[in-house]
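Listed below are the residues making up each chain.
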Amino acid sequence: MRYSYRRGLLWLAIYFLFSLIPLAVVSSGHIPEYRAFWIEFAVALGYIGLAMLALQFLFTGRLQKIAPSYGMDNLLHFHKEMGIVAFLFVLAHPIILIAVNPGFLAYFDPSINLLRAVFLSFASVALIFIMASSLWRATFNLSYETWRLIHGLLALAIVFIGLSHALQVGHYLNTFGKQAVVSVLIGGCMYAVIHTRLVRPWLNRKKPYRVVGVKEERGDAWSIEVEAVGHKKMQYQCGQFAWLTIHDSPFSIQQHPFSMTSSTESDTLSFTAKVMGDFTSTWKDIKIGDRLFLEGPFGSFTPIAGKNLFLIMGGIGITPGISMLRTMRDKKDKRKVTLIYGNENLEEATFYEELEELNKELNLQLLHLLTDPPKGWEGETGKIDREFLEKYLPEDSENYIYLICGPDPLMDIAEIALKDLGMDWRYIYTERFKIV
Ligand SMILES: Cc1cc2nc3c(=O)[nH]c(=O)nc-3n(C[C@H](O)[C@H](O)[C@H](O)COP(=O)(O)OP(=O)(O)OC[C@H]3O[C@@H](n4cnc5c(N)ncnc54)[C@H](O)[C@@H]3O)c2cc1C
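Residues numbered from 1 in each chain as written. Predicted model: local features only at pLDDT ≥ 70, side-chain atom pairs only at ≥ 80, totals over all residues. Heavy atoms only, no water.

1. Considerations on the pairing of strand β1 (residues 209-217)
With eight bridges joining them, β1 and strand β2 (residues 221-228) adopt antiparallel strand pairing. Among the inter-strand pairings, Glu-216 is bridged to a residue of β2, identified as Trp-222. Hairpin connection between β1 and β2: a loop of three residues separates the two successive antiparallel strands, and Gly-219 in this loop has a positive phi of roughly 80°. The sheet contact formed by β1 and strand β6 (residues 291-298) spans two bridges and is antiparallel. Within β6, the residue paired with Arg-210 across the bridge is Arg-291. (Pairing = 2+ DSSP bridges. Helix = DSSP H or I, 4+ residues; strand = E, 2+ residues; numbered from the N terminus.)

2. Some remarks on the domain arrangement of the protein
The domains assigned to the protein are domain 1 (5-204), domain 2 (209-298) and domain 3 (308-431). On the side of domain 2, 15 residues touch domain 1, which itself brings 15 residues to the contact. Around 1300 Å² of area is buried between domain 1 and domain 2 when both sides are counted, 56% of it from carbon and sulfur atoms. Our enumeration of links across domain 1 and domain 2 arrives at one salt bridge. Between Glu-295 and Arg-200 there is a salt bridge whose closest N-O contact spans 2.5 Å. (Domains from an automatic or database assignment. Contact = heavy atoms within 4.5 Å. Buried area = accessible area lost by both parts, 1.4 Å probe. Salt bridge = Lys/Arg side-chain N within 4 Å of Asp/Glu carboxyl O.)

3. Some details on the site of the ligand
Lining the immediate surroundings of the ligand are 26 residues, of which His-256, Pro-257, Lys-274, Asp-278 and Thr-280 lie closest. For the ligand, an oxygen atom lies 2.8 Å from a polar atom in the side chain of Arg-137. A distance of 2.8 Å is found between an oxygen atom of the ligand and a side-chain nitrogen or oxygen belonging to Thr-319. Protein contacts shield 93% of the accessible area of the ligand, which totals 870 Å² for the unbound molecule. (Near = heavy atom within 4 Å. Polar contact = N/O pair within 3.5 Å; in protein donor to acceptor, adjacent residues only side chain to side chain. Areas by Shrake-Rupley, 256 points an atom, 1.4 Å probe, with all protein chains shown as cover.)

4. Some remarks on the nonpolar core
Judged by nonpolar contacts, the single largest core of 38 residues is most densely connected at Tyr-15, Tyr-47, Leu-53, Phe-57, Val-159 and Ile-186. At the level of secondary structure, the elements contributing two or more residues to this core comprise α1 (5-26), α2 (37-55), α4 (72-100), α5 (114-135), α6 (144-169) and α7 (176-204). Of the residues forming this core, the biggest block, eight residues, is contributed by α2. Tyr-15 has contacts with Met-52, Leu-55, Gln-56, Phe-59, Phe-78 and Met-82, leaving out every residue within four places of it along the chain. Membership of the second largest hydrophobic core comes to 29 residues, among which are Cys-238, Leu-311, Ile-318 and Leu-339. (Core = buried A, V, L, I, M, F, W, Y, C linked by side-chain atoms within 4.5 Å. Buried < 20%, exposed > 50% of the residue type's maximum accessible area, 1.4 Å probe, protein only.)

5. A look at unusual backbone geometry
A cis amide bond, omega 5°, links Gly-296 with the succeeding residue Pro-297. If you trace the backbone, Pro-297 turns up in strand β6. We note that Asn-141 has phi near 55°; this positive angle belongs to a residue other than glycine. The backbone phi angle of Phe-351 is positive, close to 70°, even though this residue is not glycine. Locating Phe-351 in the fold gives a position in the loop between β8 (337-343) and α9 (352-361).

6. Points about the sheet that holds strand β12 (residues 428-431)
Ordered in space as β10-β9-β8-β7-β11-β12, the six strands form an open sheet in which the pairing is parallel. Since the sheet does not close on itself, it has two edges, and those belong to β10 (380-381) and β12, each with one partner. Across seven bridges, β8 lies against strand β9 (residues 364-370) in parallel orientation. Opposite Leu-339, over in β9, you have Leu-366 as the bridge partner. Contacts from helix α8 (residues 319-330) reach β7 (308-314), β8, β9 and β11 (400-405), with the element oriented near 145° to β7. The strands touched by helix α11 (residues 408-420) are β7, β11 and β12; relative to β11, the strand with the most contacts, the crossing angle is about 155°. (Axes fitted to C-alpha atoms, helices over the stretch in contact; angles between N-to-C directions.)

Below you can see the structure in the form of structure tokens.
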């Protein structure tokens, strides 16, 4: 799907509208007497911050309706940046109130109201922890899964406490109608995360897949081929990804995103994982017959009908690309494709042999770019940069879509270079494998 200003702006408008709705609701109808400016200002920040925190649950990349408008990368960046803004708004709320009138410290005084003091103190500490652990996960020595679990639970707790606090203070939420509207809005957002983590996996439990093939690949990677058991396999577009849970149940916290590597025309699906950490290092032990669960498809990193493909990929970033090429082969699609595939050496070039085969079958220009080439290598060497891209950009560059996937430095350089070289940003797609 092509990015579009219109769809993007629409979602952005909806976002800002939703973040202002609670404030609009409490400012409507009968409103209490005006207090000092800074007090009203702090209260407004609290409402906007709470709404933004709740909206974070919708911008986690799991909503299939929203994700394609922006792409998963952009959505997660947005989630992160808006999270920081919401954090500052919510934190500013008590700080300003207490600075203007130290009497507000009473909200944290256990001798006045124990439960209130405990919950508000917990929410404040949790908010700071959630922010710090997201920005500096490695410093906290948290595995991705542990971080994700804590992040989700704390976020739910903070929003729940925030809503309860607003209802309990009741200064502005002074009618049942206002309380109901704000509760439904905030509660609806909270439900989104409960739906993703509990309801969807529960619905998914009746749609298992079975491993029918396991293969070691170049570049310290393993491929698995899976078939649907007792249901129709997931329909997807090449370049998309799914969340994978191997063995046990669809509720495991070991749920990881992987791009489909199979042709969309195939009866089975396949995935290839480079060994990175605790989850991917178990792929070598996967056996034929093992069960797994898939949730998806997600992502908008997909070719566009009628456009030629210019693929810039590095290392394991080849996975969505191989799905595109396999699909094109099966569909006898004769569109032009340029694949620039960056690796240290050919031993790291996952799917090397198959790419050579595809090179004969497709209208493909295959360019291996090696940073540590073997003796006698006559191909391209070095890293992707502007000059390299300029050399290989097609003359009819406006007839292409540009798809970039690989290590962060490669992606940053390629994306900026393509834009500098005048390519239309709406046709430049990126897929980042490293989230936090
Ligand atoms: C859209 C997308 C598609 C991907 N496709 C592929 C693919 O086809 N092949 C491939 O080898 N890798 C792919 N990845 C990366 C893959 O998900 C991680 O390498 C894998 O989750 C690492 O898990 P680990 O426990 O082995 O390693 P860890 O050392 O725990 O993690 C390494 C890094 O992977 C990311 N990561 C870890 N766990 C998760 C998780 N549950 N959810 C999201 N990110 C996580 C984090 O950025 C982390 O820093 C993809 C990632 C994304 C976002």
